[in-house]
Amino acid sequence: MTTSYSTKELMACVIARDLKDGEDLQVGFGLPVPEVATRLAHLNHGPNMNLIFLGAKMNIWENQNSPLPEFSWDNRVVRWSESYSDKGHRFDSIRKWSKRVFFISGLQIDQFGNTNLIGLKRENDLNRFELRGPGSIGVPTLTSHVGRYYIVANRHDTKTFVKKCDFISAFGWGDGGHDARTRLALPGGGPKFCITPLAVLDFEERSKAMRIHSVHPGVSLQQVLANTDFELVVPKCIKETKPPTQKEILTIRNKIDLKGSLRD
């Protein structure tokens, strides 16, 4: 019996459960938790999902009993693709943005779901970066248009969850308000959840301020609040994140993440 699980495996399960059959799930480079989540959702309940990794569009349902490439930077991913372009899927060819789901991370994340992948300012020298991030190629377009996207944080601390991002690479809910995106004529649905090593966060309906959706097993509310540099909306009833099921863990370890990347 598999009873233990890692925090990253828990995060992947949280995402997978929220994905719907028939959706196009697009994952960028270097995001192992969303990659595992999309594959898990596809194998467990989404035979009609399309998985898009770095230009390779695949549906692995019929090959689910065969060994799969570990992650998208494994070139063997092309073997499973229905279509492939080394330039990726052109944005101007996408016709059904509403059924497309995207995943991002951030060096910084603020209380309205704006994220920063560009870099961190150097104190007292605004012409230099303290840390240069990977950049935002493709992210502004996708997060502006997709039906919804998920923010996946590798860390939950006050350096990551900040009052204001130094730069914004993905516009979440701006300065707040349910109409923050429509005021800018952004057609997409915006961020739905922010999944972190401590909790699942969503956005309060009217203010769009970040709110606690659930706290992971073994984590206290005070831990979440202490590691966030802005005031989170706290509901009256604090839910605990549902742990992975036996089936989910076995699927991850036996069919998806064979090398245990999410257990490191």
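Worth saying up front: this structure is predicted, and the values here are computed from it rather than measured.

**Re helix α2 (residues 32-45)**
Part 1: Over its 14 residues, α2 runs 20 Å from end to end, which matches the ideal 20 Å to within 8%, given 1.5 Å per residue.
Part 2: In terms of burial, α2 is largely enclosed, as eleven of its 14 residues are buried.
Part 3: For α2, every residue scored as buried is listed here: Val 33, Pro 34, Glu 35, Val 36, Ala 37, Thr 38, Arg 39, Leu 40, Ala 41, His 42 and Leu 43.
Part 4: Along its buried surface, α2 packs onto α1 (7-17), β1 (24-27), β2 (50-53), β5 (100-104), β10 (148-152) and α5 (246-256).

**Focus on the confidence of the model for the protein chain**
Part 1: Chain-level pLDDT for the protein chain is 86 on average; 83% of the residues reach the 70-or-more range.
Part 2: Confidence drops under a pLDDT of 50 for residues 72-88, and excluding neighbours within four residues, the segment shows 42 contacts in the predicted structure.

**Structural notes on the pattern of salt bridges**
Part 1: Under the criterion given, the structure shown has eleven salt bridges.
Part 2: When the shortest N-O distance is used, the salt bridge between Arg 183 and Asp 179 registers 2.6 Å.
Part 3: Connected through shared salt-bridge partners, Glu 9, Arg 253 and Arg 263 make up one network.

**So, the packing of α1 against α5**
Part 1: Close contact between α1 and α5 brings their axes to 11 Å; oriented N to C, the two are set at 110°. Between α1 and α5, the angle falls in the class roughly perpendicular. Between α1, through Glu 9, Cys 13 and Arg 17, and α5, the contact on the second element is made entirely by Glu 248, Ile 249, Ile 252 and Arg 253.
Part 2: Its residues assigned to classes, the contact of α1 with α5 comprises three nonpolar, no polar and four charged.

**Brief notes about α1**
Part 1: Counting buried positions along α1 yields eight of eleven residues, so the element is predominantly enclosed.
Part 2: Those residues of α1 that fall on the buried side of the exposure criterion are Glu 9, Leu 10, Met 11, Ala 12, Cys 13, Val 14, Ile 15 and Ala 16.
Part 3: In this structure, the buried side of α1 is in contact with α2, β5, β10, β11 (191-195), β12 (199-203) and α5.

**Considering the packing of aromatic side chains**
Part 1: Applying the stated criterion across every chain yields a total of three aromatic pairs.
Part 2: Taking 5.6 Å as the distance between ring centres and 15° as the angle between the ring planes, the aromatic pair formed by Phe 103 and Tyr 150 counts as stacked. Note that Phe 103 is positioned in strand β5 and Tyr 150 in strand β10, a separation of 47 residues in sequence. With respect to class, Phe 103 is no different from Tyr 150; both count as buried.
Part 3: In this structure, Lys 121 is placed above the aromatic ring of Phe 167, and the distance from its NZ or CZ to the ring centre is 5.6 Å.

**Comments concerning unusual backbone geometry**
Part 1: One non-glycine residue, Ala 185, lies in positive phi territory at about 60°.
Part 2: You can see Ala 185 is positioned in the loop between β10 and β11.
Part 3: According to the relative accessible area criterion, Ala 185 is exposed, its value standing at 63%.
Part 4: Its identity is not glycine, yet Lys 208 carries a phi of approximately 60°, on the positive side.
Part 5: For Lys 208, the location among the structural elements is in the loop between β12 and β13 (210-215).

**With respect to the pairing of β1**
Part 1: The two faces of β1 match: Asp 24 and Gln 26 on one face and Leu 25 and Val 27 on the other face are all buried.
Part 2: Pairing of β1 with β5, which is carried by three bridges, proceeds in the parallel orientation. Among the inter-strand pairings, Gln 26 is bridged to a residue of β5, identified as Phe 102.
Part 3: Relative to β2, β1 runs parallel, the two being bridged by four bridges. What sits directly across from Leu 25, in β2, is Leu 51.

**Let's talk about the nonpolar core**
Part 1: Core analysis: the largest hydrophobic core is formed by 30 residues, its most contacted members being Ile 15, Leu 19, Leu 25, Val 33, Phe 103, Tyr 150 and Ile 195.
Part 2: Of all elements in the fold, only α1, β1, α2, β2, β5, β10, β11 and α5 reach the threshold of two or more residues within this core.
Part 3: For this core, the element with the highest residue contribution is α1, accounting for seven residues.
Part 4: Apart from residues no more than four positions distant in its own chain, Tyr 150 is found in contact with Asp 18, Leu 19, Val 101, Phe 102, Phe 103, Ile 104, Lys 192, Phe 193 and Ile 195.
Part 5: Judged by nonpolar contacts, the second largest core, of 29 residues, contains Tyr 149, Ile 151, Phe 161 and Leu 198.

Conventions adopted
- Residues numbered from 1 in each chain as written.
- Predicted model: local features only at pLDDT ≥ 70, side-chain atom pairs only at ≥ 80, totals over all residues.
- Heavy atoms only, no water.
- Helix = DSSP H or I, 4+ residues; strand = E, 2+ residues; numbered from the N terminus.
- Expected span 1.5 Å × (residues − 1).
- Buried < 20%, exposed > 50% of the residue type's maximum accessible area, 1.4 Å probe, protein only.
- Contact = heavy atoms within 4.5 Å.
- pLDDT = per-residue confidence, 0-100.
- Salt bridge = Lys/Arg side-chain N within 4 Å of Asp/Glu carboxyl O.
- Axes fitted to C-alpha atoms, helices over the stretch in contact; angles between N-to-C directions.
- Parallel < 35°, antiparallel > 145°, perpendicular 65-115°, else oblique.
- Nonpolar A, V, L, I, M, F, W, Y, C, P; charged D, E, K, R; others polar.
- Phe/Tyr/Trp six-rings, centres within 6.5 Å; stacked < 30°, edge-to-face > 60°.
- Lys NZ or Arg CZ within 6 Å of the ring centre and 35° of its normal.
- Pairing = 2+ DSSP bridges.
- Core = buried A, V, L, I, M, F, W, Y, C linked by side-chain atoms within 4.5 Å.

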